[in-house]
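For reference, the chains in residue letters:
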Amino acid sequence: MASSSAIQIPSRLPLLLTHEGVLLPGSTMRTSVDSPRNMQLVRSRLLKGTSLKSTIIGVIPNTSDPASDGDDLPSLHRIGTAALAVQVVGSNWPKPHYTLLVTGLCRFQILQLLKEKPYPVAEVEQLDRLEDFTRRPQAEEDLGELSEQFYKYAVQLVEMLDMSVPAVAKLRRLLDNLPREALPDILTSIIRTTNQEKLQILDAVSLEERFKMTIPLLVRQIEGLKLLQKTRKPKQDDDKRVVAIRPIRRLNHIPGAAEEEEEEEDHDDVVMLEKKIRTSSMSEQALKVCLKEMKRLKKMPQSMPEYALTRNYLELMVELPWNKSTKDRLDIRAARILLDNDHYAMEKLKKRVLEYLAVRQLKNNLKGPILCFVGPPGVGKTSVGRSIAKTLGREFHRIALGGVCDQSDIRGHRRTYVGSMPGRIINGLKTVGVNNPVFLLDEVDKLGKSLQGDPAAALLEVLDPEQNHSFTDHYLNVAFDLSQVLFIATANTTATIAPALLDRMEVIQVPGYTQEEKIEIAHRHLIPKQLEQHGLTPQQIQIPQVTTLDIITRYTREAGVRSLDRKLGAICRAVAVKVAEGQHKETKSDRSEVTEGEDSRDHVTEDAKTESINDTTDLALPPEMPILIDFHALKDILGPPMYEMEVSERLSQPGVAIGLAWTPLGGEIMFVEASRMDGDGQLTLTGQLGDVMKESAHLAISWLRSNAKKYQLTNASGSFDLLDNTDIHLHFPAGAVTKDGPSAGVTIVTCLASLFSGRLVRSDVAMTGEITLRGLVLPVGGIKDKVLAAHRAGLKRIIIPQRNEKDLEGIAVNVRQDLTFVMAGCLDEVLNAAFDGGFSAKTALEHLNSKL
Ligand SMILES: Nc1ncnc2c1ncn2[C@@H]1O[C@H](COP(=O)(O)OP(=O)(O)OP(=O)(O)O)[C@@H](O)[C@H]1O
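In this text the structure is predicted, and so the values were computed from the model without any measurement. (Residues numbered from 1 in each chain as written. Predicted model: local features only at pLDDT ≥ 70, side-chain atom pairs only at ≥ 80, totals over all residues. Heavy atoms only, no water.)

In this section: the overall build of the protein. Helix and strand counts for the protein come out as 30 helices and 27 strands. In the protein, buried positions account for 50% of the 852 residues. Look at the contacts in the protein between residues 6 or more apart in sequence, and 73% of them connect residues 24 or more apart. Accessible area for the protein stands at about 41100 Å²; split by element, carbon and sulfur atoms hold 51% of it. (Helix = DSSP H or I, 4+ residues; strand = E, 2+ residues; numbered from the N terminus. Buried < 20%, exposed > 50% of the residue type's maximum accessible area, 1.4 Å probe, protein only. Contact = heavy atoms within 4.5 Å. Areas by Shrake-Rupley, 256 points an atom, 1.4 Å probe, with all protein chains shown as cover.)

What follows is the structure in structure tokens.
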């Protein structure tokens, strides 16, 4: 062991607060870390990737009640032990935690706490330097005597141990070679002592004091051994060591010393574990591996780092549902009812899901393509997955794949790694406890790639029915049969899903909702759910449909209903406060009724059926009067509207047109702005455009320049060469969002036509379509989502490419009824539909004349 005098610790140490015993310099302790504070410290200071960093940490005994481990830092013990973490083992059982093996280096005292979060860091002073006591000549003699006495007892204790002669000789050698000043700490942590006694030794900064305090502990241990030797009959040779130590500790009767019992308990646990392994229904291969590991475990001393690792492994193997499954309930009629009850609209998706289940029912197995629901956030993809599990009577487990960029997240770490754990699939199986759950692989489009491998490749094995009956997680290292698991995937877009993965799935598009559908979903599902979650009843709150529409149009802008749900939640919270306050007031007024004999409800007028929340008098309402959420209440709770209808305001100048864009979050309307200035024919494009979009802008300008005469378009100096002495700037808000694709072509042409003609584009029109240099309009994708976005924004006329006409069929009739569609085959038709009264040389001249 290094002498503590040779160690130099940093002046700032991260602090690990431990309830599990007291670490003394020179000794090693295993401690379990599960509080958020300590977990954070381990992750950021000790683990970097999968390797252990040799960082010195400060271990402080936490004497506060473990149950009170909250956010606030407990008062810190002033003295601690600087330590090195020798091993970190991660486990998820029974909850996520790390087991640390730490070796104490030297004492330190806390001078000042520098920060508390996410884990405490303190400025410290190193204690335990050799010079601290050798520089005290007057004490040297006493110390020499004390240390001699201490040494004598230590030798006596070692020789009394019932061990073989070479083992005793080895221990003696160790005693002789260790620096004397290290002995009190080391022996205190070996012999039977309570935590309180260890804490006193830790606090004994002076060596003299430490020797003085440890000698009685040694004597006590020696006496205990003597007593034992008198009473004990020798047993078989190989039991010697265990027998020698265990009864001694019991005889000592030291209160609070639980370690020995723990050791015994542990032994019993291992026996139980072996029994469980033998009786479990695991595969033959797994059983063989487990029995081999069990054999190793039994031979390992508990203090060995591998012990915890092997035990965790075996516990997981026993827990896994090798053969446990739920019985399927494949009843299509019930499935239809359940899907309809849980979800409004989504007809296409529900139909496909029912077909899928019907085929499974007829074939009597659930093998088949993996369904992948693709659509904007909040349209109920996850929720349909949950309903499928419910209809089948299966367990449901969601595996979030967003941001996962490490293969081992799917397939686990090899057990040789520090902190190794099984992957998410095996973890999920352990959580649900059956081998045939519905696994929802959420956000497969957001899987990443990194140096740690491609998780999509690992998923391929999981999803392939030919391979997944023998899926091998690196941590388990034996095959597990995943063929009974029903996998469903969700994604916002297919564009970023690895092609090989996409090939294994059947994509079902889930489009965004219309306003009417959202209102229905809100009133049938979201509001009742929110009321229940907030302990409210329909007698206490009333949200009319106009209010829901207001929330949809002015407080949210989304394809799904997640924000709407959140806003409804905010309303329910605000109402819950009012109702609770009202009840409080009522009980108060009830009390005053008794005392004063006056009925406070008399003050409420007879015809006051409902009241707005912003009206303070509503607090006096009887409970049966629902709080009405009207526009004013909405403003009170949610603040001023976030999205006002700004369309006409933004189109009040020439050079602005509305395009329709598709994003993974659904369709969106997009304002394209253009301005011109004196210059030398430069085109500036801003708004983070991709190459294809930039090319569309060049195409649009070229087409307009070549048709300038036809439409009587001139630049500021009256020339038909639009770029002559003129620069053009095109901007696509929002500037921070990357955009690409050819579908903005028609919008750019319209925007520039407006700029050069000086005419305003109709404020109710939005458009989408790719253009060619010859002025043709080519079809584009995402029509349904784009149309819904235009409808949400209150626009009335939509210009789409002629060849996209077929895509309109999938759009709800009520949406189509609200809109006028213009099918454009060429740019002539686009411009004619985008400007009031059409767009031609004649209209251009008329416009000019009207201005003169
Ligand atoms: N058609 C619907 N009927 C009833 N509730 C719905 C419907 N669509 C969505 N919801 C509700 O909206 C909420 C959000 O849905 P969910 O989490 O399933 O969305 P998602 O499409 O999976 O989103 P993400 O892509 O972000 O995971 C849920 O509470 C769900 O019950």
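Another aspect to go through is the site of the ligand. Lining the immediate surroundings of the ligand are 20 residues, of which Tyr344, Lys381, Thr382, Lys529 and Arg562 lie closest. Residue Gly378 places a main-chain N or O atom 2.8 Å away from an oxygen atom belonging to the ligand. Val379 places a polar main-chain atom, nitrogen or oxygen, 3.1 Å from an oxygen atom of the ligand. Within the complex, the protein chains bury 88% of what would otherwise be the 630 Å² of accessible surface of the ligand. (Near = heavy atom within 4 Å. Polar contact = N/O pair within 3.5 Å; in protein donor to acceptor, adjacent residues only side chain to side chain.)

Within the fold, Thr188 resides in helix 5 (residues 183-190). With sequence-adjacent residues up to four places away left out, Thr188 is seen in contact with Leu24, Leu183, Thr193, Lys198, Ile201, Thr214 and Leu217.

A few words on the UniProt feature "binding site: ATP" (unreviewed entry) in the protein. Feature annotation in UniProt assigns "binding site: ATP" (unreviewed entry) to the following positions: Gly375, Pro376, Pro377, Gly378, Val379, Gly380, Lys381 and Thr382. Looking at where Pro376 falls in the secondary structure, it is placed in the loop between strand 9 (370-374) and helix 14 (381-392). Sequence-distant contacts of Pro376, defined by excluding residues within four places in its chain, comprise Lys381, Asn492, Val510, Pro511, Gly512, Ala559, Pro664, Leu665 and Gly666. Mapping Pro377 onto the fold places it in the loop between strand 9 and helix 14. Excluding its chain neighbours within four sequence positions, the residues that come into contact with Pro377 are Asn492, Gly560, Arg562, Pro664 and Leu665. (UniProt positions renumbered as here; feature names shortened; annotations may be inferred.)

This part covers unusual backbone geometry. Along the chain, Lys117 connects to Pro118 via a cis peptide bond; the corresponding omega equals 0°. Residue position: Pro118 is located in the loop between strand 7 (97-115) and strand 8 (121-126). In the Ramachandran plot, Ala345 falls in the positive-phi region, its phi being about 55° despite a non-glycine side chain. Mapped onto the fold, Ala345 is located in the loop between helix 12 (332-342) and helix 13 (347-363). Judged by its relative accessible area of 8%, Ala345 is buried. The residue Gln712 is not glycine, and still its phi comes out positive at about 55°. By secondary structure assignment, the location of Gln712 is in the loop between helix 25 (708-711) and strand 22 (726-731). You can call Gln712 partly exposed: its relative accessible area is 28%.

Another aspect to go through is the sheet that holds strand 9. The sheet built from 5 strands is open, its strands ordered 10-11-14-9-15 with parallel pairing. On the outer flanks of this sheet lie strand 10 (396-400) and strand 15 (505-509), each paired with one strand and no other. The average angle at which neighbouring strand axes cross in this sheet is 25°, direction not considered. Both strand 11 (residues 438-442) and strand 14 (residues 486-491) contribute to a ladder of 4 bridges, which runs parallel. Counterpart to Leu440 in the pairing with strand 14 is Ile488. (Pairing = 2+ DSSP bridges. Axes fitted to C-alpha atoms, helices over the stretch in contact; angles between N-to-C directions.)

This brings us to the environment of Ala559. Within the secondary structure layout, Ala559 lies in the loop between helix 20 (545-555) and helix 21 (562-596). Sequence spacing of Ala559 and Ala789 is 230 residues, and the spatial spacing of their C-alpha atoms is 7.6 Å. Beyond its immediate sequence surroundings of up to four residues, Ala559 is in contact with Pro376, Val379, Gly512, Tyr513, Lys518, Leu665, Gly666 and Arg792.

This brings us to the packing of helix 12 against helix 13. Packing of helix 12 against helix 13 brings their axes to within 10 Å, and their N-to-C directions diverge by 160°. The pairing of helix 12 with helix 13 is recorded here as roughly antiparallel in orientation. Here helix 12 and helix 13 pass one another in a crossing that is right-handed. Residue-level inspection shows Ile332, Ala335, Arg336, Leu339 and Asp340 of helix 12 in contact with helix 13, the latter providing Lys350, Val353, Leu354, Leu357, Ala358 and Gln361. Per-class residue counts for the contact of helix 12 with helix 13 are 7 nonpolar, 1 polar and 3 charged. (Parallel < 35°, antiparallel > 145°, perpendicular 65-115°, else oblique. Left-handed = near helix turned anticlockwise from the far one by under 90°. Nonpolar A, V, L, I, M, F, W, Y, C, P; charged D, E, K, R; others polar.)

So, about helix 26 (residues 745-757). Given a rise of 1.5 Å per residue, 13 residues ought to cover 18 Å, and the 18 Å separating the end C-alpha atoms of helix 26 matches this to within 8%. Of all 13 residues in helix 26, 13 are buried; the element is thus mostly enclosed. Immediately beyond the C-terminal end of helix 26, within one or two residues, lies Gly758, with a positive phi of roughly 75°. (Expected span 1.5 Å × (residues − 1).)

Turning next to the pairing of strand 1 (residues 12-18). Most of strand 1 sits out of view: 6 of its 7 residues are buried. Pairing analysis gives 3 bridges linking strand 1 to strand 8, with the strands arranged antiparallel. Bridging from a neighbouring strand, Arg12 pairs with Glu123 of strand 8. The sheet contact formed by strand 1 and strand 5 (residues 56-61) spans 4 bridges and is parallel. Of the residues in strand 5, the one forming a bridge with Leu16 is Val59.

Mean pLDDT over the protein works out to 80, with 82% of the residues at or above the 70 mark. Of the regions scoring below 50 in pLDDT, residues 1-5 engages in 13 contacts with residues more than four places distant in sequence or in other chains. Note on residues 130-139: pLDDT under 50 across the span, and 9 contacts to partners over four residues away in sequence or across chains. (pLDDT = per-residue confidence, 0-100.)

Our next topic: helix 5. Taken across its 8 residues, helix 5 has 6 buried, putting it largely inside the fold. Listing the buried residues of helix 5 in full gives Leu183, Pro184, Asp185, Ile186, Leu187 and Thr188.

On to the pairing of strand 14, then. Burial within strand 14 is extensive, with 6 of its 6 residues counted as buried. Because side chains alternate across strand 14, one face comprises the buried residues Leu486, Ile488 and Thr490, and the other comprises Phe487, Ala489 and Ala491, equally buried. Pairing of strand 9 with strand 14 involves 4 bridges; the strand directions are parallel. Of the residues in strand 14, the one forming a bridge with Phe373 is Thr490.

What follows is about the side chain of Ser27. Secondary-structure assignment places Ser27 in the loop between strand 1 and strand 2 (28-33). Among the polar contacts listed, one links the side chain of Ser27 to the backbone oxygen of Leu24, at a separation of 2.6 Å. Ser27 has contacts with Val102, Thr103, Gly104 and Ser189, leaving out every residue within four places of it along the chain.

Moving on: the packing of aromatic side chains. Counting across every chain of the model gives 7 aromatic pairs. Measuring from ring centre to ring centre gives 4.9 Å for Trp322 and Phe480, while their planes differ by 45°; the resulting arrangement is tilted. Taken together, the positions of Trp322 in the loop between helix 11 (305-319) and helix 12 and Phe480 in strand 13 (residues 479-480) put the pair 158 residues apart, joining distant regions of the chain. Ring geometry for Tyr711 against Phe839: centres 5.3 Å apart, planes inclined by 45°, an arrangement best described as tilted. In this pair, Tyr711 sits in helix 25 while Phe839 sits in the loop between helix 29 (827-834) and helix 30 (841-851), placing the two residues 128 residues apart along the sequence. On the accessibility criterion, Phe839 (3% relative accessible area) is buried. Taken together, the aromatic side chains of Trp703, Tyr711, Phe835 and Phe839 make up a single cluster linked through ring pairs. (Phe/Tyr/Trp six-rings, centres within 6.5 Å; stacked < 30°, edge-to-face > 60°.)

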